[in-house]
Each structure stands twice: as structure tokens, then as C-alpha cells.
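As a plain string of letters, each chain reads:
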Amino acid sequence: MKQYLFILLTALVLFSCKEDTNPVFVDPPNPFAQAAIAWPSLQNAPWPMYRHDPQLTGRSQYAGPTKGIIADTINVIPNSVLYCGITIDKDNNAFIPFDFRSTENLWSYNLISKTIQWKSTIPQLMVENINMPTVTSNGNIIFSSRDLCIISPNGQVVHQNNTPFITGFSSNIDKDGNIFFSRVKTKTLYCVTGSGQTLWTFTDPRIRDDGYHISFSPDGKTLYIPCLSGNSLLALDIASREVKWSFGTLPLFSPPIVDNQGNIYFQKSTLQNEPVDTFYCLKPDGTVRWLYSFKKVNAIAVNYYGVEPATIDKEGNIYLSAPRDTIVSLTNDGKLRWKLPLTAYKGTEQLVCDVNGTIYCATWDNHVLAISKSGSILWSLKLSSSNDTWFASPSLADGKLIVTGSSNKIYIIE
């Protein structure tokens, strides 16, 4: 009996050790995967600031529109100019800033009820360079142009600096709620509290003050500042207020975006008459991780009109205009995935993407495009405006894309 039991146990062991004829292969985890970075000072909202987050990724946590139809149009003040896009708070209120031509120059518009919640008056606005508002965790709205303003959730001005010439497009907020912005002409970076009190300043002649945003490292300890002269980019330690490193010798074309691993992506200028531009990826220590060079639209052009923000999807893939009439997708380690020519649409800029990796953009012939992460056009929508200019970065909400041109209309697309 013991002999039979031994044979049976041996057979079971051998059977269990036999190689599986149908093994299950599991893909290794993606080392470049991206996720939302916790930022306690920023409201957990669909699109709470310029380019969505302090790393300027241009990536939404929601799926964007799939129908390619205009669901709503906001008709705004005649002859006013919309120089920047809108931010969206947790209650789907969209904050719309106007230029000086409007007395009531900041509106709150609810995307669900399709009603104006309030209109606020902020004095001393500049004609141009109005910054996209930032919504803080307590619901306050940070708004900068000629002045830095802090506005309550119901539209009341609770703080305003009475000092002129704060550049727009360059503010950001750290994890503690301190606000960072630079001033035109003085080449000075300011750090102020969430209530508007100045903590410290940093002055450097290299700072770019003409419309290029600053971004934060994932840990919130390093600020990346675009340069206009001397260098392309500065990495500033905000605790010591010392420059950790600088890179390049020529100005930037695009705001620096930062991934979860701390890598920094941007496009810098090239010398006149050079036929190529270059998109860079730097490591957190400022050394080159990789670069991608491409031909200019105009070989003798030194720079483009406006800024050229790229975007990064949750898998870590990069999407950029390279040049403006072509969208290029690169892997996180710099390998070419695909190119999509947009010559028929006269080119584009200001790319954003949703949680599924779908890319959205407005083109220079007044179309809005949805592009799959594999590089095919999912839908194309012609807007009613016959001649518009897309100064602003689009914004994404759950199932919606908001596109703002310089004309008197804002388009909400589903």
C-alpha cells in the first residue's frame, strides 16, 4: 500500500512541475507611465490652470469629446479680445478673462447649466498678455496681467497688487500655495503667498518676460524658467533661490513641460538661416537625455509667432508641432512613433491630450481636430468663424473641449 501511495505522490509532483503548454505572458510595467502629481494647493478640477497642471503637461484626467459637434457657443463682448484660454473648476464653472475693452473683464460661466454665474471687474488690465486664471484648493482664483489679483469664488477681488507691468503667461503655484510670476523689464521673479504678500524675489537678466510660462519639478522644489538671452532655460532651487543649472544659449520657443520622472521637454530657437529647429529632453540634472531636430517651415525665420506647447500622454509619449504644419509623436525615450502632416489645415499649435491619449488642437484654417494616439484624424470640425487666431491653449473637461480664439466666441465641443 505504501509503495502505491509513493508512486501516486511522485506522479502528482511530476505532473505539477510539467511546463505549462499555455503560459500567460504579462507585459512588463511601463517605466515611462505618467499619473497626476499630488498638488495640495491646486483645486482638483477638470482644468484648474494653464496647461492643466504645474508641470504644464496639457493632459486631462478625463476623456475628451468624441462626437465632434458644437454643443454650446458663448457669445462674449463685441470687439473684446480673448488672448488666453479658460480654466474650469470642480463645479464646471469656466472662468473667462477679457482684455481692457471690457468693464466686466472676468466671467464665470457654468458649462452644465449654460448660464453666467457672475461678472467681475478687475482694474488696470493690459491689452495683451492676460494670464489664464489658476483655481486654488480653497476656490480662490489667481489672475495676473498688469496686476496680480486674487479673486474669491463668487467673483470678489480680495487682493490686488498696485504695481504695474506684471507679465502674463508666466505665473505658477507651488505645493504650499505660494504664487510665482515674473515682471516685464525688471527681469525679476516674485514669490508671494496665497494672500498676496511678497516672500522673496529673484532677479536675473536672462529671464524671459514676453509670454512664456514657468513650470515645476514633480517634487515642487525646482522651478524651470525660460530665458530670452544668454541661456535657454534656468533651473532655480526655490529653497536656496540659487540657479542649479542652466542650459543652451538661445531663446525658447515652447514652455518647458515636465514628466513624472522629472525630465524636461522644450523647443529652443536656432540661429538665423539655419534650416532646422530642435526639441530637447533634458534629465533633471540638466544634461541632454535626447533631442529631435526638424526642418523649419521657413528656413530663414528665427522664431515663430506665439508659443508652441507640446503635450505628454499617460503612457509617456510626447506630441509636438515640428514644424507647425506637422504633428510629431515621440516615445518617452525619443524614438519617432509617427508624423501627421497638417498642411491642408495650414498648421496648428497648442496641443492638448485626454486620458485616452487623444490629441486635440485648433488649426489655422478654423478647424478643430481630434487625433488618435496612433496618428489618425478621428474627426474634423469646421468652426463658424471665418477668420480667427488661436492665441490660447484649449481646455478639456469631461467629454468637452473648450476652444477660445481672438474673436467674440468661445466654442464648447462634445
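What you are looking at is a predicted structure, and each value in this text was computed from that prediction instead of being measured. (Residues numbered from 1 in each chain as written. Predicted model: local features only at pLDDT ≥ 70, side-chain atom pairs only at ≥ 80, totals over all residues. Heavy atoms only, no water.)

Q: Would you mind going over the nonpolar core with me for this structure?
A: Generally speaking, soluble globular proteins have nonpolar side chains that are buried together. Formed by 71 residues in total, the largest nonpolar core has its most connected members in I96, F180, L189, L223, F279 and I413. Beyond its immediate chain neighbours, meaning those up to four positions away, L223 contacts F180, L189, I214, S215, F216, L234, A235, L236 and I238. Counting 12 residues, the second largest nonpolar core, distinct from the first, contains L340, Y345, C361 and I371. (Core = buried A, V, L, I, M, F, W, Y, C linked by side-chain atoms within 4.5 Å. Buried < 20%, exposed > 50% of the residue type's maximum accessible area, 1.4 Å probe, protein only. Contact = heavy atoms within 4.5 Å.)

Q: Explanation requested: the confidence of the model for the protein chain in the structure shown.
A: As a note on interpretation, predicted positions should not be read in detail where pLDDT is low. Here the protein chain averages 85 in pLDDT, while 82% of its residues score no lower than 70. Mean pLDDT per element in the protein chain: helix α1 (residues 2–17) is the minimum at 49, and strand β17 (residues 242–247) is the maximum at 98. Contacts of residues 11–15 to residues separated by more than four positions or lying in other chains number 0 contacts, the stretch itself having pLDDT below 50. Taken together, the stretch residues 300–305 has pLDDT below 50 and engages in 19 contacts with residues farther than four places along the chain or on a different chain. (pLDDT = per-residue confidence, 0-100. Helix = DSSP H or I, 4+ residues; strand = E, 2+ residues; numbered from the N terminus.)

Q: What exactly am I supposed to notice about the sheet that holds strand β16 (residues 233–237) here?
A: The strands making up a sheet are joined through hydrogen bonds of the backbone, oriented either antiparallel or parallel. If you trace the 4 strands from one edge of the open sheet to the other, you get β14-β15-β16-β17, paired in antiparallel fashion. Because the sheet does not close on itself, it has two edges, and the strands there are β14 (215–216) and β17. Taken together, the 2 bridges between β14 and strand β15 (residues 222–226) define a ladder with antiparallel strand orientation. Among the inter-strand pairings, F216 is bridged to a residue of β15, identified as L223. (Pairing = 2+ DSSP bridges.)

Q: Looking at this structure, how should I read the environment of W338?
A: By the element assignment, W338 lies in strand β25 (residues 336–341). Separated by 2.9 Å, the side chain of W338 and the backbone oxygen of K373 make a polar contact. (Polar contact = N/O pair within 3.5 Å; in protein donor to acceptor, adjacent residues only side chain to side chain.)

Q: What am I meant to see in unusual backbone geometry here?
A: Residue P323 follows A322 across a cis peptide bond; omega there is 0°. Among the secondary structure elements, P323 is positioned in the loop between β23 (318–321) and β24 (326–330). The backbone of N92 shows a phi angle near 65°, a positive value even though the residue is not glycine. Within the secondary structure layout, N92 lies in the loop between β2 (87–88) and β3 (93–97). Its relative accessible area of 21% is what places N92 among the partly exposed residues. The backbone phi angle of R241 is positive, close to 60°, even though this residue is not glycine. Checked against the element boundaries, R241 lands in the loop between β16 and β17. You can call R241 partly exposed: its relative accessible area is 40%.

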